[in-house]
Amino acid sequence: MTTTRLFPTLSLLAVVAGCATTGAVSGDDEPGTLTTLPDSVVAMAAPSQDLSAVRLMPEDGCYWYRHVGPVEITYLPLRTTEGRPICTRVQ
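First things first, this report covers the structure right here in the doc. Keep in mind that this is a model prediction, so the values were computed, not measured.

**A short note on the pairing of strand β4 (residues 73-77)**
Okay, so step 1: As defined by bridge partners, strand β3 (residues 63-68) adjoins β4 across five bridges and the pair is classed as antiparallel. By the bridge assignment, His67 is partnered in β4 with Thr74.

**Some details on the sheet that holds strand β1 (residues 33-34)**
Okay, so step 1: Within the open sheet, the four strands sit side by side as β1-β2-β3-β4. Their pairing is antiparallel. Of all strands in the sheet, those with a lone pairing partner are β1 and β4, marking the two edges.
Okay, so step 2: In this structure, strand β2 (residues 54-56) lies alongside β3, joined through three bridges in antiparallel fashion. Looking across to β3, one finds that Arg55 is bridged to Trp64.

**Focus on the pattern of salt bridges**
Okay, so step 1: Tallied over the entire structure, the rule returns one salt bridge.
Okay, so step 2: The residue Glu82 makes a salt bridge to Arg84 at a minimum N-O spacing of 3.3 Å.
Okay, so step 3: Overall, Glu82 belongs to the exposed group, its relative accessible area being 55%.

Rules used throughout
- Residues numbered from 1 in each chain as written.
- Predicted model: local features only at pLDDT ≥ 70, side-chain atom pairs only at ≥ 80, totals over all residues.
- Heavy atoms only, no water.
- Pairing = 2+ DSSP bridges.
- Helix = DSSP H or I, 4+ residues; strand = E, 2+ residues; numbered from the N terminus.
- Salt bridge = Lys/Arg side-chain N within 4 Å of Asp/Glu carboxyl O.
- Buried < 20%, exposed > 50% of the residue type's maximum accessible area, 1.4 Å probe, protein only.

Take a look at the structure:
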């Protein structure tokens, strides 16, 4: 293979490698993810939040849901339709 043909091939490999995933995004295999939520929490949660992967954080006693964005996956506070965080204890 000549150098002029090798460069485009390596460039293409670098681009394709950047598209690889680093792991599953399913909430079932993440430690600390709740499998079921109390009905009261589901009733309070704003509709735009993913309730399939929710954690109850011991640091603040609040529920956090997994948000899958265009760049990264992160946990955000689960909020009511009024924008208040949903917690098990008073803040």
